[in-house]
Amino acid sequence: MLGNQRERLPDVGSLLVVGSGKGGVGKSTVSVNLAVALARAGASVGLLDCDVYGPSVPMMLGVRKRAASSGFRAMLPLAEAKNLAPEKKIPPLTRYGVRVMSAGFFIGEEQAVAASSDMLGLLIRQLLYSVDWGRLDYVILDLPPGNGEPQQTLCREMALDGAILVTTPQDIARIDTAKALAMFQNADVPVLGVVQNMDGLLCPHCGERIEIYPHSKEVRTRLDQVPVLGSLPLDPMAARWSDEGVPVAISMAETPFGQAFCTLAREVLARQQTRNSSNE
Ligand SMILES: Nc1ncnc2c1ncn2[C@@H]1O[C@H](COP(=O)(O)OP(=O)(O)OP(=O)(O)O)[C@@H](O)[C@H]1O
């Protein structure tokens, strides 16, 4: 099925996904900070955390839900149809200028979700339609690791306007990222580029750069052809701010680490504008 036959979210300019085949490489860090940086650059932005089993966005944005709840039973009745009446839609939370929704707003942070994995695609698609996003330039989907669900359903049914891949320099991460790349390319989703995260550690004492993860020397032809949108070092302060619930695009805005997200946002805006004008 071609991209233009897939469904578009009403009133949303571009639907972007941030993904990687590999877990823990920084997808949520990139999603949250890209969303905040785009908002700071003047765009109207929504962010949907698509990780049902381990949502990280609530903590990264300082909206943690510690108490357990009735979980998805509380959410599913709301998410029964695509054409939900406006008054039935779920209002997103607004944090740092970004409209945010996460399964983590409905379930306690230590609560296990019993949804079977083949339900995840439907669940996320329903959530996407059930949120009262309003009119937005961008909605960013922070994907869970892997190439299963909800990725398959989203690639099949939604018109995704761009994918941003996140990897570390190691080959073990690049192998999985190459798989995610193949998944998006096979589904005709335009891949905007790759962010190389945890690319060296800057010593907080002397500033020396230490390579934590070895740079892969393997040729991965498809992945090597994808533009590099940015490179981020491992920075202990970034992890600390993230746990504090303040995105580094705000808390470290003046540092090279924070600035990297302004550059990433500018790259994404430019690439998306080029794509939009070539599609007109
Ligand atoms: N460049 C970095 N420097 C320091 N810490 C980082 C960096 N990037 C990510 N982290 C930290 O690493 C952890 C994992 O990052 P994150 O949750 O963004 O990865 P993920 O790919 O979304 O993980 P998952 O696969 O679980 O969804 C987080 O604690 C985050 O704060």
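Values in this document were obtained by computation on a predicted structure and should not be read as measured data.

Caption draft 1: How the structure looks around the overall build of the chain. Within the chain, the regular secondary structure consists of 10 helices and 10 strands. Against the 2.2 N^0.38 benchmark of 19 Å for 280 residues, the chain shows a C-alpha radius of gyration of 18 Å, consistent with a compact globule. Summarising its shape, the C-alpha atoms of the chain cover approximately 55 × 45 × 35 Å along the three principal directions. When each of the 280 residues of the chain is scored for burial, the buried share is 44%. Taking the contacts inside the chain whose residues are at least 6 apart along the sequence as the reference set, 84% of them involve residues at least 24 apart.

Caption draft 2: Broad picture of helix α6 (residues 171-186). With 16 residues, α6 extends 22 Å between its outermost C-alpha atoms, agreeing within 8% with the 22 Å of an ideal straight helix rising 1.5 Å per residue. Buried residues of α6: A173, R174, D176, T177, A178, A180, L181 and F184, and no others. A positive backbone phi angle near 60 degrees is found at D188, which sits one or two residues after α6.

Caption draft 3: Highlighting the UniProt feature "binding site: ATP" (unreviewed entry) in the chain. Cross-referencing UniProt, the feature "binding site: ATP" (unreviewed entry) maps to G21, K22, G23, G24, V25, G26, K27 and S28 in the present numbering. Locating K22 in the fold gives a position in the loop between β1 (12-19) and α1 (27-40). Not counting residues within four places of it along the chain, the set of residues in contact with K22 comprises P145, T167, A173, D176 and T177. Within the secondary structure, S28 is located in helix α1. For S28, the residues in contact, after removing those within four places along its chain, are S56, V57, M60 and D142.

Caption draft 4: Looking closely at the sheet that holds strand β6 (residues 162-167). On the basis of which strands lie adjacent, the open sheet formed by 8 strands has the order β3-β4-β2-β5-β1-β6-β7-β10 and mixed pairing. The two strands at the open ends of the sheet, each matched to only one other strand, are β3 (93-95) and β10 (228-231). Strand-to-strand twist in this sheet, taken as the mean axis angle between neighbours without regard to direction, amounts to 25 degrees. In this sheet, strand β5 (residues 136-142) lies alongside β1 in parallel orientation, the contact comprising 6 bridges. Looking across to β5, one finds that V12 is bridged to L136. Relative to the sheet, α1 contacts β1, β2 (45-49), β4 (98-102), β5, β6 and β7 (191-196), its axis offset from that of β5 by approximately 170 degrees. Here α6 sits on the sheet and contacts β1, β6 and β7; the angle it forms with β6, its principal contact strand, is near 170 degrees.

Caption draft 5: Looking closely at the site of the ligand. The environment of the ligand is formed by 20 residues, the closest being G23, S28, T29, A239 and S242. Secondary-structure elements contributing two or more residues to the shell around the ligand are α1 and α8 (236-244). Counted by class, the shell around the ligand contains 8 nonpolar, 9 polar and 3 charged residues.

Caption draft 6: Here's a closer look at the nonpolar core. L34, A35, L38, V45, I140 and L141 are the most contacted members of the largest nonpolar core, which totals 75 residues. Excluding residues that lie within four positions of it along the chain, L38 makes contacts with A43, V45, Y138, A265 and V268.

Caption draft 7: Representation of α8 within the structure. Restricting attention to buried positions, one finds in α8 the residues A238, W241 and S242. Seen end-on, α8 carries its buried residues on one side only, within an arc spanning 105 degrees. In this structure, α8 carries P236, A239, R240, D243 and E244 as exposed residues pointing more than 90 degrees from its buried face. Buried-residue contacts for α8 involve α1, α2 (57-60), α9 (248-251) and α10 (256-279).

Caption draft 8: Just the confidence of the model for the chain, in detail. For the chain, per-residue confidence averages 87 on the pLDDT scale, and 92% of positions sit at 70 or higher. Taken over the whole predicted complex, pTM reads 0.91, whereas the ipTM for its chain interfaces reads 0.98.

Caption draft 9: Looking closely at the environment of M183. Here M183 is to be found in helix α6. Overall, the presence of 19 C-beta atoms within 10 Å leaves M183 in the partly exposed class. The spatial distance from the C-alpha of M183 to the C-alpha of Q152 is 8.5 Å, given a sequence separation of 31 residues.

What counts as what
Residues numbered from 1 in each chain as written. Predicted model: local features only at pLDDT ≥ 70, side-chain atom pairs only at ≥ 80, totals over all residues. Helix = DSSP H or I, 4+ residues; strand = E, 2+ residues; numbered from the N terminus. Rg over C-alpha atoms; globule rule 2.2 N^0.38 Å. Buried ≥ 20, exposed ≤ 12 C-beta atoms within 10 Å, placed from the backbone. Contact = placed C-beta atoms within 7 Å. Expected span 1.5 Å × (residues − 1). UniProt positions renumbered as here; feature names shortened; annotations may be inferred. Pairing = 2+ DSSP bridges. Axes fitted to C-alpha atoms, helices over the stretch in contact; angles between N-to-C directions. Near = placed C-beta within 6 Å. Nonpolar A, V, L, I, M, F, W, Y, C, P; charged D, E, K, R; others polar. Core = buried A, V, L, I, M, F, W, Y, C linked by C-beta atoms within 7 Å. Arc of directions from axis to C-beta. pLDDT = per-residue confidence, 0-100.

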